[in-house]
There are 2 protein chains.
Amino acid sequence: LRPADARAVARTLGWCYGHDVPIVPRGGGTGLAGGAAPLLGGVVVSLERLRRVLAIEPGLWRLSVEAGVRTADVARLARESGLMFAPDPGAAEQSQIGGNVATNAGGPHAFKYGRTGAFVSGLEVALAPGELAQLGGAGWREAAGYDLTGLLVGSEGTLGIVTAVELRLLPARAGALALVVFTDDLQSAQSALLAILSSDARPAVLEFVDARAFQAAAATFPGEPPRGAASAARHAGPVLLLELDGPEVQRDRERGELEEALGDAEGLSVESVPPAPLWRWRDGMNGVVAGVRGGKVSEDIRVPRERLAEALEAVYAIGAELSLQACAWGHAGDGIVHATFLVDPATGDELERGLRAGERALELALALGGSITGEHGVGWVKRRFLAAQLGPAATAAHERVKRALDPRGLLNPGKNQPAVEDGGERAGSAGTRVPPVAGGGPG
Amino acid sequence: LRPADARAVARTLGWCYGHDVPIVPRGGGTGLAGGAAPLLGGVVVSLERLRRVLAIEPGLWRLSVEAGVRTADVARLARESGLMFAPDPGAAEQSQIGGNVATNAGGPHAFKYGRTGAFVSGLEVALAPGELAQLGGAGWREAAGYDLTGLLVGSEGTLGIVTAVELRLLPARAGALALVVFTDDLQSAQSALLAILSSDARPAVLEFVDARAFQAAAATFPGEPPRGAASAARHAGPVLLLELDGPEVQRDRERGELEEALGDAEGLSVESVPPAPLWRWRDGMNGVVAGVRGGKVSEDIRVPRERLAEALEAVYAIGAELSLQACAWGHAGDGIVHATFLVDPATGDELERGLRAGERALELALALGGSITGEHGVGWVKRRFLAAQLGPAATAAHERVKRALDPRGLLNPGKNQPAVEDGGERAGSAGTRVPPVAGGGPG
């Protein structure tokens, strides 16, 4: 169904509740966790027709839009008012702001500025059994009572359907510069990361691309990698990509602080690179890596930032054990690792092994005290791991909250929910699992 | 009860659940909404013995402490590591971090940096019917599943009892300067506020003190108010108090941007003042104003920032109608107004009229599209107004979430809950209402 407005969304929810039919909200369809797919049947409600700009108040840094407005249009509306919408998830031309809220989408700049939820000051949502509720609003989210706005953020359409969003904007950034730090090995990359984190600089972006992923995309790298075979062998660790922003004096000061922080570290080479081509190159990483063998399995995990080197080492070990090429990149500043295993889907059991490697990466995240999802959400594909991450008490609370707002379990059923851990469930989910092979791909 | 550790808190909750006894968590007891008072009987659980520092990791900007650690000690621990804990609610020497989380405490610097909840990356909480749950942690709050951490923040002890907190720290600020803007009247203050908000400067603090409150504390004002009778008459509008922080170049740039933004406005006078004495003076406002007639009724409301002048005008009208002196001050940048009515509690029905004026201020906040609480929470004293603010659909969701995590309604009963609106309830609550007269007082 493609309802024309918020009231039609609420009516649809009411009908589904009255007829015991599952309802699956869908934004731009760019999610990577199967969140918007009607895997247990039911009605898919696309928000694409909810595209009105409800209010734009540049002086108060406020923008209210319906849920179906595309992320890129939100960014454009902000820019045209001399402001900035900070979240920058991938696929912004296709994704919708309602989906960004439902998944609490991040992006490279989330390191400094925060994810989508940090910019949501109010929501209009359709709640079971079929009503519209206004949450927060008028420029702030901390109103009175519980932070229901925050509860809806990241709930992946399982507690209600976001129909409109009030956003906090920020002043436009005065400028940006990008730096690339080449490192010798995992340990020197880990040390550099910690040195940057404990410096007084506040990078807007702090990414990493490991040596194997860098190699795959080296031909189009827009900067000057350290030259020659000796140098390539030397700088064989992950590459860190940073952006500093703000007025020039501030960027220069922060650059000085970064260089001072990195000055003591061995085996580093710091290069300045124009930001726009660097981030275009970085955005292309997913496709380039998928092209190496024709496909890949990527899992988006989060690890404590002080354990990044340990995580990468373990990802490589998983690949070696399953005879798959492994590589990784991600948002180093937030500990987000897109652990990737290259597969040729047409060859033998490579895809099967890749999926197994992906599951091992999720177990790794848990073993390191991390999270089974960095920024892509739990959706359908990771639900079997949710209970292990949350532990019994939080799992019970999670399920009680779900039942409270969706007593009949009709809102995006199965998604973002701890699955019962038994043999049947495991087997069943392997059959319906959406393999994250090629296409779309992680930010 | 004064449990010795988190497990004892969970056991206490378990006992209360097993015996149908209300349980009221209590931190430093500095709240202004009656949230920590056992108004319906039951067991008061003080967190004061949970004072351990669990981990401090300066390089990762992380600090984990038990719930009973005082706010001032959290700030000191951060400072001693070269870092900053940004929230700065009043009464930091007495309040505890667990209570700050439970009320999502703010403070002047919340304008730039955010309230307590923005710095909580993980929680340990005792949940009904008596278990400990770990939520978030390892440096981030966005883990997997619902943001239960955020749901507990600001829940005022009605969904669970916070026993430990993982906090995000920030680098220490490089310095600060304070500016005071004297205005002619309500309209020139409103214009100045909007000009500041739409400038590129990001003040750390943006407060206001209206002319009547300023007058009461003028003798100890640490700066140079515009002199002479003519000047006093001229600058009879609210005074705006600002702080700019960061490295000197940044402060200077922002000061320039502010002065440019204010340059066009009529009837302003901008003075520079040393920050420390200014904020001490501002902190004393509550006591000074209470001293004028020996008591006062203050209500902490929030209004859209573009309606601040309108709100102040209406507060004065309420005072005039009830023959009470009215004044106000608060966090202009966040639209938070401490609407204050002076009373001599020993004289006639002044206190009674003051309480009526306070209720009118809450109704005013709702009429302006604002909130019945700016930063003090709903607690017991504002619960009758909660349903009107939330509306029927959000009220129902609020109640369902409460029942989900506290099915027997034993966790801090009556607090932060929409009360049934009937005559009996009204009469009953008037009898037990805690009048916010003198003492403590709003930040």
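Please refer to the structure placed before this passage.
Throughout, residues of each chain are indexed from 1 in the direction in which the sequence is written. Labels follow written order: the first chain is A, the first ligand is 1, and so on. Local features in a predicted model are, by the rule used here, given only for residues with pLDDT of at least 70; side-chain atom pairs are given and counted only at 80 or more, and totals for whole chains, interfaces and linings are based on all residues. Water and hydrogen atoms play no part in the side-chain values, which are based on all heavy atoms of the structure.

Q: Help me understand the overall build of chain A, please; the structure alone is not making it clear to me.
A: Helix and strand content of chain A: 15 helices and 16 strands. Against the compact-globule benchmark of 22 Å for 443 residues, chain A has a radius of gyration of 22 Å, which places it among compact chains. In terms of principal-axis extent, the alpha carbons of chain A reach across some 70 × 55 × 40 Å. Scored against the burial criterion, the 443 residues of chain A give a buried share of 60%. It only takes one pair of heavy atoms within 4.5 Å for two residues to be counted as in contact. Excluding contacts between residues fewer than 6 apart, the proportion of contacts in chain A whose partners are at least 24 apart in sequence is 75%. Of the accessible surface of chain A, which amounts to about 15600 Å², a share of 52% is contributed by carbon and sulfur atoms. Here chain A contributes 43 positively and 52 negatively charged side chains, and the mean placements of these two sets differ by 6 Å. A run of H or I in DSSP becomes a helix once it reaches four residues, and a run of E becomes a strand once it reaches two; helices and strands are each numbered from the N terminus. Atoms considered for the radius of gyration are the C-alpha atoms alone. The globule rule reads 2.2 Å times the number of residues to the power 0.38. Think of it in three bands: with a 1.4 Å probe and only protein chains considered, a residue is buried below 20% of the maximum accessible area for its type, exposed above 50%, and partly exposed in between. The method behind every accessible area is Shrake-Rupley, applied with a 1.4 Å probe, and residues are considered shielded solely by the protein chains displayed. The charge count includes Lys and Arg as positive and Asp and Glu as negative, but it does not include His or the ends of the chains. For charged residues, the charge sits on one atom: NZ in Lys, CZ in Arg, CG in Asp, CD in Glu.

Q: How should the pairing of strand β16 (residues 336-342) of chain B be read in this particular structure?
A: Remark: a regular strand shows side chains that alternate across the two faces of the sheet. Residues and elements named next belong to chain B. Most of β16 sits out of view: 7 of its 7 residues are buried. What you see with β16 is no split at all: I336, H338, T340 and L342 on one side and V337, A339 and F341 on the other are buried throughout. A pair of strands is considered paired only if DSSP assigns at least 2 bridges between the two. Looking at chain direction, strand β14 (residues 296-302) and β16 are connected through 7 bridges and run antiparallel. Counted as the bridge partner of E299 is A339 from β16.

Q: Can you help me understand the relation of the copies chain B and chain A in this one?
A: Both copies of the chain are related through a single rotation about an axis accompanied by a shift along the same axis. A residue counts toward the fit only if its pLDDT is at least 70 in both copies, and the copies are then superposed by least squares on the C-alpha atoms of those residues. Expressed as a screw transformation, the operator carrying chain B onto chain A has a rotation angle of 180 degrees and an axial translation of 0.0 Å, and the superposed copies differ by an RMSD of 0.0 Å. One copy is carried onto the other by what is essentially a two-fold rotation axis. By residue overlap, the copies meet face to face through one surface: 100% of the interface positions of chain B are interface positions in chain A.

Q: What is the right way to read unusual backbone geometry from this model?
A: Leaving glycine out, the prevailing phi sign among residues is negative, and the prevailing peptide bond configuration is trans. Residues and elements named next belong to chain A. Residue A128 is joined to P129 through a cis peptide bond whose omega torsion reads 5 degrees. Mapped onto the elements, P129 comes out in the loop between β6 (120-127) and β7 (131-136). Even without being glycine, D20 reaches a positive phi, approximately 55 degrees. As for its position among the elements, D20 is in the loop between α1 (6-19) and β1 (23-26). What makes D20 partly exposed here is its relative accessible area of 45%.

Q: Would you take a moment to explain the packing of helix α14 (residues 383-405) of chain A against helix α14 (residues 383-405) of chain B for this structure?
A: In helix packing, the relevant descriptors are the interaxial angle and the interaxial distance, both defined with respect to the helix axes. Interaxial angle, 0 to 180 degrees, is taken between N-to-C directions of lines fitted to C-alpha atoms, where a helix line uses only the stretch in contact. Look at α14(A) against α14(B): their axes get within 8 Å of each other, and the N-to-C directions meet at 145 degrees. Remark: the crossing between α14(A) and α14(B) carries right-handed chirality. Packed against α14(A), whose contacting residues are A:A397, A:R400, A:V401, A:A404 and A:L405, the element α14(B) presents B:A397, B:R400, B:V401, B:A404 and B:L405 at the interface. Put simply, Ala, Val, Leu, Ile, Met, Phe, Trp, Tyr, Cys and Pro go in the nonpolar bin, Asp, Glu, Lys and Arg in the charged bin, and everything else, Gly too, in the polar bin. Tallied by class, the residues present in the contact of α14(A) with α14(B) amount to 8 nonpolar, no polar and 2 charged. Two helices cross in a left-handed way if the nearer one is turned anticlockwise from the farther one by less than a right angle. They cross in a right-handed way if the turn is clockwise.

Q: Explain helix α6 (residues 186-198) of chain B to me, please; I cannot follow it from the model alone.
A: Helical geometry note: an α-helix holds 3.6 residues per turn, so side chains three or four residues apart project in the same direction. With 13 residues, α6(B) should reach 18 Å at 1.5 Å per residue; the first-to-last C-alpha distance of 18 Å fits that figure. Among the residues of α6(B), B:L186, B:S188, B:A189, B:Q190, B:A192, B:L193, B:A195, B:I196 and B:L197 are the ones counted as buried. To estimate the expected span of a helix, subtract one from its residue number and multiply by 1.5 Å.

Q: Quick question: what am I supposed to make of the environment of B:G29 here?
A: Position of B:G29 relative to the elements: it lies in the loop between β1 (23-26) and β2 (43-46). Separated by 17 residues in sequence, B:G29 and B:S46 place their C-alpha atoms 9.3 Å apart.

Q: What exactly am I supposed to notice about the interface of chain B and chain A here?
A: When the parts of a complex come together, some accessible area is lost, and that lost area is often taken as the interface size. Contacts between the two partners involve 67 residues from chain B and, on the opposite side, 67 residues from chain A. Counting the surface lost from both chain B and chain A, the interface buries some 5200 Å², and carbon and sulfur atoms represent 62% of this. Of all residues in chain B, B:W140, B:Y146 and B:R400 bury the most surface against chain A, accounting for 15% of the area lost on that side. Here a salt bridge means any side-chain nitrogen of Lys or Arg lying within 4 Å of a carboxyl oxygen belonging to Asp or Glu. Here chain B is connected to chain A by 2 salt bridges. The salt bridge involving B:E306 is made with A:R62; its shortest N-O contact spans 2.6 Å. Breaking the side of chain B that touches chain A down by element, the ones donating at least two residues are β7 (131-136), α5 (148-152), β9 (170-171), α6, α9 (248-263) and α14 of chain B. The element that contributes the greatest number of residues to the side of chain B that touches chain A is α14(B), accounting for 12 residues. Taken together, the residues of the side of chain B that touches chain A break down into 33 nonpolar, 19 polar and 15 charged. As a working definition, buried area equals the accessible area (1.4 Å probe) given up by two parts on being put together, with both sides summed.

Q: Looking at this structure, how should I read the packing of aromatic side chains?
A: Working definition: an aromatic ring pair is given by the centre-to-centre distance plus the angle between the planes. Here is the rule: rings of Phe, Tyr and Trp (six-membered ring for Trp) pair when centre to centre is within 6.5 Å. Planes less than 30 degrees apart are stacked, more than 60 are edge-to-face, and the remainder are tilted. The tally for this structure, following the rule as stated, stands at 12 aromatic pairs over all chains. Taken together, a centroid distance of 5.8 Å and an interplanar angle of 90 degrees make the contact between A:F182 and A:F214 edge-to-face. Here the residue A:F182 occupies a position in strand β10 (residues 176-183), and A:F214 occupies one in helix α7 (residues 211-217), the gap between them amounting to 32 residues. One exposure class covers both A:F182 and A:F214, and it is buried. Site record: aromatic cluster; members linked through ring pairs are A:F182, A:F214, A:F221 and A:W281. Lysine NZ or arginine CZ positioned within 6 Å of the ring centre and within 35 degrees of the ring normal marks a charge as sitting over the ring. The residue whose ring lies beneath B:R212 is B:Y316, and the NZ or CZ to ring-centre distance is 4.0 Å. When the ring centre of B:W380 is taken as reference, the NZ or CZ atom of B:R383 above it lies at 3.6 Å.

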